[in-house]
Amino acid sequence: MSKFLQKRNFLYVIGLSLSVSLGVVPDATADTVSIEDCQPVARDVDSRKTYCAHELKALKSQKKSDNQSSGILCYLVRRVFPFDALMDLTQCVPKDYGYRLNSDKGRVTPKPKGSSNSLAIHQPLGKTLITSQPDLAWNTVPKAASYRVSLEEGSQWVWSEEIDQANLKFPSSHTLQPNKSYKLSVVAFDQDDQMIDEKVKYLKLVNPKTLTEIDNAVSASRASFSNPLVRGVDRAMMLYHAGLVDAAVTQLESLTKFQEPVVYLQLGLIYKQAGRTEIAQSYLKKASELVNRKPRSISREETKAEPRRK
């Protein structure tokens, strides 16, 4: 692994590092793993450096004497581990991690997505939600004349609606309930009422304890960093690794006021992993533009501002 990747920092990305990650530097080495293919799973509490799964593995291989870090904040379990206690990668990396390691070249590559012509549920992005009435949206399918949207809880039908557009407001008469799992299905029909394609997603409400743990972990990090950008990105990554993808996006969008590349970079990575290539590219392009501007200091008003949970 190149020294560049071991030293890169998501919160203070320098121009060259982001340029390489976005593929705009022609002589980037072949064994360099793009930042685009690497979601952060942990952060050094002292240096602010963030690490994705394979970088964390490389960090573990260093001798304790080579690293003066006082701890590693794992986004998945919302805990700080002493550097010498970071023995098991599974405590920081989700079992269903969205990227796989290629044993030949050590690259982290996205899981393949389906055909662009197939039906895909775009909203909600994730399966675990903090709202009981999520907005629903999916892509339009060629030759589709209508879409049937239905929700089931266990073996029981909850509601169903057939429309000719690719989005729908969740009905106020049927809200998601805690401690229950729901099956959301969207079926595309042609003008002869023949099914073209179907997509299913299972939904559930988040356990309130998870949100409390995340907020407690972010509050604890204030002892090291009072910067609201650092805390906000930490919270977004914890939400993301807890399966709260939509909440992570909302958190990151609240940080766009800082106009920092890290925010747009993470939004791009999340949308890329969700298969929303067009949106992902727009965020990654914005991140690339921001990284080339002169650094600015955060104002006193921004430092006092706390990201609000939506």
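An account of the accompanying structure is given in this report. (Residues numbered from 1 in each chain as written. Predicted model: local features only at pLDDT ≥ 70, side-chain atom pairs only at ≥ 80, totals over all residues. Heavy atoms only, no water.)

**Considering the pattern of salt bridges**
Now for step 1: Considering all chains together, one arrives at four salt bridges under this definition.
Now for step 2: A salt bridge links Arg 43 to Asp 234, with the shortest nitrogen-to-oxygen separation between them at 2.5 Å. Residue Arg 43 is found in strand E1 (residues 42-44), and its partner Asp 234 is found in helix H5 (residues 228-241); the two are separated by 191 residues along the sequence.
Now for step 3: Take Arg 43: its relative accessible area is 1%, and that puts it in the buried class. (Salt bridge = Lys/Arg side-chain N within 4 Å of Asp/Glu carboxyl O. Helix = DSSP H or I, 4+ residues; strand = E, 2+ residues; numbered from the N terminus. Buried < 20%, exposed > 50% of the residue type's maximum accessible area, 1.4 Å probe, protein only.)

**Notes on unusual backbone geometry**
Now for step 1: For the peptide bond that leads from Gln 123 to Pro 124, omega is 0°, which places it in the cis range.
Now for step 2: Secondary-structure assignment places Pro 124 in the loop between strand E7 (121-123) and strand E8 (128-129).
Now for step 3: Despite not being glycine, Arg 78 shows a phi value in the positive range, around 55°.
Now for step 4: Within the secondary structure, Arg 78 sits in the loop between strand E3 (72-74) and strand E4 (79-81).

**With respect to the sheet that holds E3**
Now for step 1: The sheet built from four strands is open, its strands ordered E2-E1-E3-E4 with antiparallel pairing. Two strands close off the open sheet at either side, each with one partner strand: strand E2 (50-51) and E4.
Now for step 2: Note: E1 against E2, two bridges, orientation antiparallel. Across the sheet, Arg 43 pairs through a bridge with Thr 50, a residue of E2. (Pairing = 2+ DSSP bridges.)

**So, the state of the cysteines**
Structurally, a disulfide amounts to a covalent bond that connects the sulfur atoms of two cysteines.
Now for step 1: Counted according to the given criterion, the structure contains one disulfide.
Now for step 2: Across the disulfide, Cys 74 is cross-linked to Cys 92 (sulfur-sulfur distance 1.8 Å). Of this pair, Cys 74 sits in strand E3 while Cys 92 sits in the loop between E4 and strand E5 (99-101); the two residues are 18 residues apart in sequence, bridging distant segments of the chain. Each member of the pair, Cys 74 as well as Cys 92, carries the same accessibility label: buried. (Disulfide = S-S within 2.5 Å.)

**Here we look at the nonpolar core**
Now for step 1: The biggest cluster of nonpolar side chains holds 37 residues, and the ones touching the most others in it are Met 237, Met 238, Leu 239, Leu 252, Val 263 and Ile 270.
Now for step 2: For this core, the elements supplying multiple residues, two or more each, are helix H4 (208-220), H5, helix H6 (245-253), helix H7 (261-273) and helix H8 (277-291).
Now for step 3: Of the residues forming this core, the biggest block, eight residues, is contributed by H7.
Now for step 4: Setting aside chain neighbours within four positions, we find Ile 270 in contact with Gln 39, Met 237, Tyr 240, Val 245, Ala 248, Val 249 and Leu 252.
Now for step 5: Counting residues in hydrophobic clusters, the runner-up holds 22 residues, among them Trp 138, Ile 163, Leu 184 and Leu 205. (Core = buried A, V, L, I, M, F, W, Y, C linked by side-chain atoms within 4.5 Å. Contact = heavy atoms within 4.5 Å.)

**Re the environment of Asp 246**
Now for step 1: With respect to the helices and strands, the residue Asp 246 is situated in helix H6.
Now for step 2: When near neighbours in sequence (up to four residues on either side) are disregarded, Asp 246 contacts Pro 124, Leu 125, Gly 126 and Leu 129.
Now for step 3: Among the polar contacts listed, one links the side chain of Asp 246 to the backbone nitrogen of Leu 125, at a separation of 2.8 Å. (Polar contact = N/O pair within 3.5 Å; in protein donor to acceptor, adjacent residues only side chain to side chain.)

**Focus: the packing of aromatic side chains**
Two descriptors summarise a pair of aromatic rings, namely the distance from one centre to the other and the angle between the planes of the rings.
Now for step 1: Scanning the model with the defined rule gives four aromatic pairs in all.
Now for step 2: Taking the centre distance of 5.7 Å and the plane angle of 85° together, the rings of Trp 159 and Phe 170 count as edge-to-face. Residue Trp 159 is located in strand E11 (residues 156-163), and its partner Phe 170 is located in the loop between strand E12 (167-169) and strand E13 (182-189); the two are separated by 11 residues in the primary sequence. We note that Trp 159, like Phe 170, is buried.
Now for step 3: Members of the aromatic cluster, joined through ring pairs, are Tyr 264, Tyr 271 and Tyr 283.
Now for step 4: Sitting over the ring of Tyr 264, Lys 286 keeps its end group 5.9 Å from the ring centre. (Phe/Tyr/Trp six-rings, centres within 6.5 Å; stacked < 30°, edge-to-face > 60°. Lys NZ or Arg CZ within 6 Å of the ring centre and 35° of its normal.)

**A look at the layout of surface pockets**
Now for step 1: Empty space within the second largest pocket amounts to approximately 360 Å³.
Now for step 2: Along its surface, the second largest pocket is lined by 18 residues, and Gln 123, Thr 131, Asp 246, Ala 247 and Thr 250 are the ones closest to its centre.
Now for step 3: Those elements that place two or more of their residues in the lining of the second largest pocket are E7, E8 and H6.
Now for step 4: A total of five residues in the lining of the second largest pocket trace back to one element, the largest contributor, which is H6. (1 Å grid on protein atoms, 1.4 Å probe; cavity = no way out; pocket = protein on both sides within 12 Å on 5 of 7 lines; lining within 4 Å. Points joined across faces, edges and corners; volume = space filled by probe spheres on them.)

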